[in-house]
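One-letter residues, chain by chain:
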Amino acid sequence: MIVPAGTYRLASTLSNEGKSVTLIGHEATLVRANATASAVLLTGAYDDPLRVTSITPVSVELGGGQQPGVQLAMSTSPGWSRGDVVKVFADDEIPEVRQDSTNKSRVGEFMVVDRVSGNSAILVGSLNATYSTNIRAARLRDIPVRFEGFRIDTDPAGLSAAWGGTTIVVSALMRPVIRDVHVRVATATAILMRGCYAYDVENAQIDRAVDDPSAGQFGYGILDNSSAFGVVRNLLARRVRHAYSDDTPRIATNSSVVLYGATYGTRIIDSVCHGASAAAFDTHSCSEFVTFDNCIAVDCREGFSLRGRRHAVKSCSAIRCTSGAQVITESSGADASWGHRITDFHGEGLTGTGIRIIPRTSSSHSQYNRRETREVLLRNINLRNSAMPFLQVNNAVVDANGFYAAAPGRVDDVANGAILSNSLVRGRDWTIDLQNVTSGSSLRGVQTRQAGELFVDGIEVRWRDGDASRVQAVAVGESSVTVSIRNARLSEPLSTPSVGFARGSTIDWTSKTQASRFITRRQDEVSNSETVRLIYRAGDPQIVLMCIVTDGRTVPALVASAVPGQILYVVNSGESSATVTVRHGAAYLTSLRGAANRRMSPNSMMSLVWTGTIWQQLA
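Residues numbered from 1 in each chain as written. Predicted model: local features only at pLDDT ≥ 70, side-chain atom pairs only at ≥ 80, totals over all residues. Heavy atoms only, no water.

Student: Residues and numbers for the overall build of the chain, please.
Tutor: Counting secondary structure elements, the chain contains 3 helices and 54 strands. Of all 619 residues assigned to the chain, the portion counted as buried reaches 57%. Long-range contacts, defined here as pairs at least 24 residues apart, represent 68% of the contacts in the chain between residues at least 6 apart. Summing over all exposed atoms, the chain offers an accessible surface of approximately 24000 Å²; the carbon and sulfur share of this is 46%. Between the centroid of the 62 positive side chains of the chain and the centroid of its 57 negative side chains there is a distance of 3 Å. (Helix = DSSP H or I, 4+ residues; strand = E, 2+ residues; numbered from the N terminus. Buried < 20%, exposed > 50% of the residue type's maximum accessible area, 1.4 Å probe, protein only. Contact = heavy atoms within 4.5 Å. Areas by Shrake-Rupley, 256 points an atom, 1.4 Å probe, with all protein chains shown as cover. Lys, Arg positive; Asp, Glu negative; His and termini not counted. Charge placed at Lys NZ, Arg CZ, Asp CG, Glu CD.)

Student: Now, about the sheet that holds strand β46 (residues 518-522): what can you tell me, with residues and values included?
Tutor: What links the strands of a sheet is backbone hydrogen bonding, and the strands pair in either a parallel or an antiparallel sense. What the 6 strands build is an open sheet, ordered β46-β47-β49-β53-β54-β51; its pairing is mixed. Looking along the sheet, the strands with just one partner apiece sit at the ends: β46 and β51 (590-591). Sheet contacts for helix α3 (residues 529-537): β46, β47 (542-548) and β49 (567-572); angle to β46, the most-contacted strand, approximately 175°. (Pairing = 2+ DSSP bridges. Axes fitted to C-alpha atoms, helices over the stretch in contact; angles between N-to-C directions.)

Student: Before we move on, could you go through the sheet that holds strand β50 (residues 580-582) and cite the residues and values that matter?
Tutor: Strand order in the open sheet formed by 3 strands is β48-β50-β52, and the pairing between neighbours is mixed. At either margin of the open sheet sits one strand with a lone partner, and together these are β48 (553-554) and β52 (598-600). As paired strands, β50 and β52 are joined by 3 bridges and run antiparallel to one another. Bridging from a neighbouring strand, V582 pairs with R598 of β52.

Student: Could you give an account of unusual backbone geometry, with specific residues and numbers?
Tutor: Between M388 and the following residue, P389, the backbone shows a cis peptide bond with an omega angle of 0°. Looking at the secondary structure, you find P389 in the loop between β35 (372-384) and β36 (391-394). The phi dihedral of N294 falls on the positive side, at around 55°, and the residue is not glycine. With respect to the helices and strands, N294 occurs in the loop between β25 (291-293) and β26 (296-298).

Student: Lay out the side chain of H284 in plain terms, naming residues and giving numbers.
Tutor: Among the secondary structure elements, H284 is positioned in the loop between β24 (279-282) and β25. Here H284 falls in the buried class, since its relative accessible area comes to 5%. A distance of 3.2 Å separates the side chain of H284 from the side chain of S245, its partner in a polar contact. If near-sequence neighbours (up to four positions away) are discounted, H284 is found in contact with R98, Y220, S245, D246, D247, R307, G308, H311 and E330. (Polar contact = N/O pair within 3.5 Å; in protein donor to acceptor, adjacent residues only side chain to side chain.)

Interpretation in functional terms is not warranted from these geometric data alone.
The structure is reproduced here in structure tokens:
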């Protein structure tokens, strides 16, 4: 059906009434003029649900090979055919998600029929959830629906009266197509995809979705409820709460099949959000495997906000937002957020923390301040002209490789490149660029606190020539934190490359003129406890302690090395009569030749190896 150009006032909802339809608008404008009804309602249908009496894992032959499958035993013959899409669902609660006090998010997922025999059906794949309570299955009917080429507006009176509701609702459909739709203003959600399979939304433009939560108006551009494998391409959303978000309805038992299950496998591709009041691109705690690919957030509160499981942000950008991307949990309840991947990400002009991985930080969360051990992956993060800290990790396990961050001209007096709390962070090839910074009296590469671990191989900290006095350390920590930093590269030597940390922590570093493997100490510095700290913090396999003295000095008692087989060379480079003494015995953790103290004359050297229990003299 082709709708000619013109303006059409909708006193009631434009609906397909569950039938197959193609509506092509040719720039026709539809005006919502009903306070309680949607402008457009496109619906399909599920068959009547069948009760499932048992679920059994089986193998399915596909293309000459065996793949996982499940067999459903049902109360009656389903009448399904190979290739049909069915939803398996039950009244079991989805675990680790936000729940209301009475209604709950309940399990459900789409599967494909391989074959049917009598009262049983074999479906392709494995079930993602666990099913035990009131298990049912229903086929999603294949009712083709296409909606294309319309502009949709809202009567100005509706804006003044703060209408709620959704402008376009697409429900219970197989592969519905929504294309070239322009929503000029929505009084809350612009487009809702509910209980659909493999929907296709392309070239949608949403100019405004009113966002006033206090009035019950949540300005979602596109909202996904309980759909699977949808795709959104070339979305432009501005002045919205979120360009895209998902959520899973909290429902009573024995509710409609369309409301069961979480969003799964949605892809948002080549899309832009300009001026969101919250996160431009967002997920909630139920959803899984949502991917944002080549999406851009500009002038939004946050760029990307991930709740739920195993989402991906790839080749995306956040410009002039507060934070670029974040992994969070709800402020209360027992929901989880884990397994996400943020790769090839660019942030520019961010005014808050660039990347925030902070699950379980609310005191009302049931797992408050307990570490989430399911890993978040960061790869190739590039933040420019962005506020410090660039990275914040709380209560998480993070693998971060390829991290470049450059600060603007002004930062706080105490500014950290990264702040890590109660977390295990592994990284490689980090650059913290402070060359533009003209303020701040205590600049740091990384601060770690609470019980945690940090392992980084390759970190470069850059600053302006002559600013070393304002750089406190590569890493600052607490005694409960273990740190291992290899291949740190500094613009200039620092008097204290690392501060704090648990015994056994190490940092090996180099600058143009000095390195952790070459420790130069003069006069009283030789006998100072700082000498020992520099030795046991060095992670290099070989260390030279160069003592430049004018009279006799004694090396302090050594302590255990964190590097098995580490070799320490003690060199006396003093004047002709100055000696350097290394003492023998368990109190000094040394075993010297002749079982006696060794007094070294100028231009002499001794070597010791850490055996795992003691420093043993070699020569």
